[in-house]
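# Reading the structure
The lines below spell out each chain.
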Amino acid sequence: MKKPLFLLMLAMLVVVASELQVPAVMPEMAADLNVDTGKIGLLVSLFALGMALGGPVIAFFLRYQPPKRGLLIVIAAYTIPEIAVPLIDEYWWVALMRIATGCLAGAAVGLSVGYAARLAPDPSKIGEAVSIVLSGVMAGVVVGLPVSHFIASHLNWQATFYVLGVAALLVFLVSLAALPEKRAASVEDSAQDLRNLRQPRLWSRFMVSFLTIGSAYAAFSYFTPLLEQSAGFGSDATTLILLAYGLCSLVGNIIVGKLADKHAINVLRFGHALLFISLGVLALAAENQLVVLVMVLIVGLAGVTMNPPLVTRVVEIGGSGNLVATVHMSVITLGIAAGTAVSATTISASGNDPAVAMWTGCVFALLAAFALGLQTERKATAKPSEDR
């Protein structure tokens, strides 16, 4: 089971590295394309919008394909806009290619998660299988931004797109040879996958995912100004701390993945509490370097690492179909966008204090815990009547 999962993890690493390459080369792109930095930042939003909205559409059209073929089609297609970005030196072209890349990235993540669930030896191992694949997301966060920045510094920003396009092509070739075949979903399976999306219970679990990951990113998106402006860390120290944050996320994801199948609800309860406390402490003690350092690493352990139990709870109700998995990843992407956007608004309203973003994360974590509590309370109330 493990070897194919590590290959899917590698695919996730390339996708997430691609997502982070624009933030890594913003000044160079802005100067070359003759636009301001804010307009380059819009490319990040366009990529995320493509992931959230385009991913499920592609998954829908590939719903009758075997999982290996569907994923390979997406990865092969992904290399085209990635390599095509530098071919026309115009902003409109880059924006168009980033939307296309985002759509394919969203489909790749959803299809990979669904594939991982099907590769699990039995349903009790789905969380662990998914955690291995999602480790690629954590690894992409760790290496994506610094590697793209390094390539752009020594060559140019265009080279980052060529390098990642070739990397995606190599992943395609290795996957073509090494990924195991699984049968395509039947017409009934695909219809059931679509019917599952109509369940209110499934969307309530999607909401927990939205709020949980929104909480993590409402804070994480503004760690750099918090570390440098509020806590007073230098640029190099901030880079190292963010690298340590990524490594903590990687370790936390592995640990949580082991617990996700049997203890999903308890893991989420503990994670929400840890997020709420650590982000609250960050907001209150933003000028204390030692406290900030410790809390940032705790957020790394208990933030986006909650993906495996979130996926496990969705699979319990919605199954492991590609469409449900891709829509779930889209909801998570929207949570990232929402958390980041709400924090941006609260920071602007408070006079540019990045510590306010930590309070935004606290509110999201509290809402996530409340939504989870309502679901588990309903489940406990329903049990006696089911027994009768």
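Residues numbered from 1 in each chain as written. Predicted model: local features only at pLDDT ≥ 70, side-chain atom pairs only at ≥ 80, totals over all residues. Heavy atoms only, no water.

### Here's the deal with the packing of helix α11 (residues 235–284) against helix α13 (residues 307–318)
Definition in use: Here an axis means a line fitted to C-alpha atoms, over the contact stretch when the element is a helix, while the angle between two N-to-C directions is reported on a 0 to 180 degree scale. Strands are runs of DSSP state E lasting at least 2 residues, helices are runs of H or I lasting at least 4, and numbering of each runs from the N terminus. Here roughly perpendicular refers to angles of 65 to 115 degrees, roughly parallel to angles under 35, roughly antiparallel to angles over 145, and oblique to all remaining angles. Crossing chirality is assigned from the near helix's rotation relative to the far helix, an anticlockwise turn below a right angle marking it left-handed and a clockwise turn marking it right-handed. In this analysis, two residues are considered to be in contact whenever any of their non-hydrogen atoms come within 4.5 Å of each other.
In contact at an axis separation of 7 Å, α11 and α13 are set at 50° when each is read in the N-to-C sense. With respect to α13, the element α11 is oriented oblique. Crossing hand, α11 versus α13: right-handed. Side by side, α11 and α13 meet where Asn253, Val256, Gly257, Ala260, Asp261, Ala264, Ile265, Val267 and Leu268 of the first sit next to Pro308, Pro309, Leu310, Thr312 and Arg313 of the second.

### A closer look at helix α2 (residues 26–33)
Test applied: Exposure categories follow from relative accessible area, calculated using a 1.4 Å probe and restricted to protein chains: below 20% of the type maximum is buried, above 50% is exposed, and the middle band is partly exposed. Think of the arc as the fan of directions from the helix axis to the C-beta atoms.
The complete set of buried residues in α2 reads Met26, Met29, Ala30 and Leu33. Buried residues of α2, seen end-on, are gathered within an arc of 100° and therefore sit on one face of the element. Those residues of α2 that are exposed and aimed more than 90 degrees away from the buried face are Pro27 and Ala31. The first or second residue beyond α2 is Asn34, which carries a positive phi of 60°.

### So, the packing of aromatic side chains
What counts here: Between the rings of Phe, Tyr and Trp (Trp by its six-membered ring), a pair exists once the centres lie within 6.5 Å; its type follows the angle of the planes, with under 30 degrees stacked, over 60 edge-to-face, and the other angles tilted.
Applying the stated rule across the entire model yields eight aromatic pairs. Ring centres of Phe223 and Tyr245 lie 5.7 Å apart, and the angle between their planes is 90°; this geometry places the pair in the edge-to-face category. Pair noted here: Phe223 is in helix α10 (residues 223–230) and Tyr245 is in helix α11, with a separation of 22 residues, a long-range link. An aromatic cluster of at least three residues, connected via ring pairs, comprises Tyr217, Phe220, Phe223 and Tyr245.

### Observations regarding the nonpolar core
As a reminder, the rule being used: Buried Ala, Val, Leu, Ile, Met, Phe, Trp, Tyr and Cys residues form a nonpolar core when they are joined through side-chain atoms within 4.5 Å. As used throughout, domain bounds are those supplied by an automatic or database domain assignment.
Ranked by size, the top nonpolar core spans 80 residues in total, and within it Leu8, Phe223, Leu282 and Met358 carry the most contacts. In terms of domain composition, this core takes at least three residues from each of domain 1 (1–181) and domain 2 (193–374). In this view, Leu8 contacts Leu71, Ser112, Tyr115, Ala116, Leu119, Val133 and Leu179; residues no more than four positions away in its chain are not counted.

### Focus on the packing of helix α4 (residues 67–84) against helix α7 (residues 157–178)
Selection criterion: All amino acids are sorted into three groups, where Ala, Val, Leu, Ile, Met, Phe, Trp, Tyr, Cys and Pro are nonpolar, Asp, Glu, Lys and Arg are charged, and the leftover types, Gly among them, are polar.
In contact at an axis separation of 8 Å, α4 and α7 are set at 160° when each is read in the N-to-C sense. By the angle between their directions, the pair α4 and α7 is classed as roughly antiparallel. Pair α4 / α7 crosses with left-handed handedness. Taken together, the residues of α7 that come into contact with α4 (itself represented by Lys68, Leu72, Ile75, Ala76, Tyr78, Thr79, Glu82 and Ile83) are Thr160, Phe161, Tyr162, Leu164, Gly165, Val166, Ala168, Leu169, Val171, Phe172, Ser175 and Leu176. Considering only residue class, the contact of α4 with α7 consists of 14 nonpolar, four polar and two charged.

### So, a nonpolar patch on the surface
Rules: To count toward a patch, a residue needs a relative accessible area above 30% and no salt bridge. Like charges then connect within 9 Å, nonpolar side chains (Val, Leu, Ile, Met, Phe, Trp, Tyr) within 5 Å. For the accessible areas, the method is Shrake-Rupley and the probe is 1.4 Å, while residue cover comes only from the protein chains on display. By convention in these notes, a salt bridge is any Lys or Arg side-chain nitrogen within 4 Å of a carboxyl oxygen on Asp or Glu.
Taken together, the side chains of Leu87, Ile88, Trp92, Leu96 and Tyr162 present a nonpolar region at the surface, about 510 Å² in accessible area. Mapped onto the elements of the fold, Trp92 is located in helix α5 (residues 91–119). By relative accessible area, Trp92 is classed as exposed at 53%.

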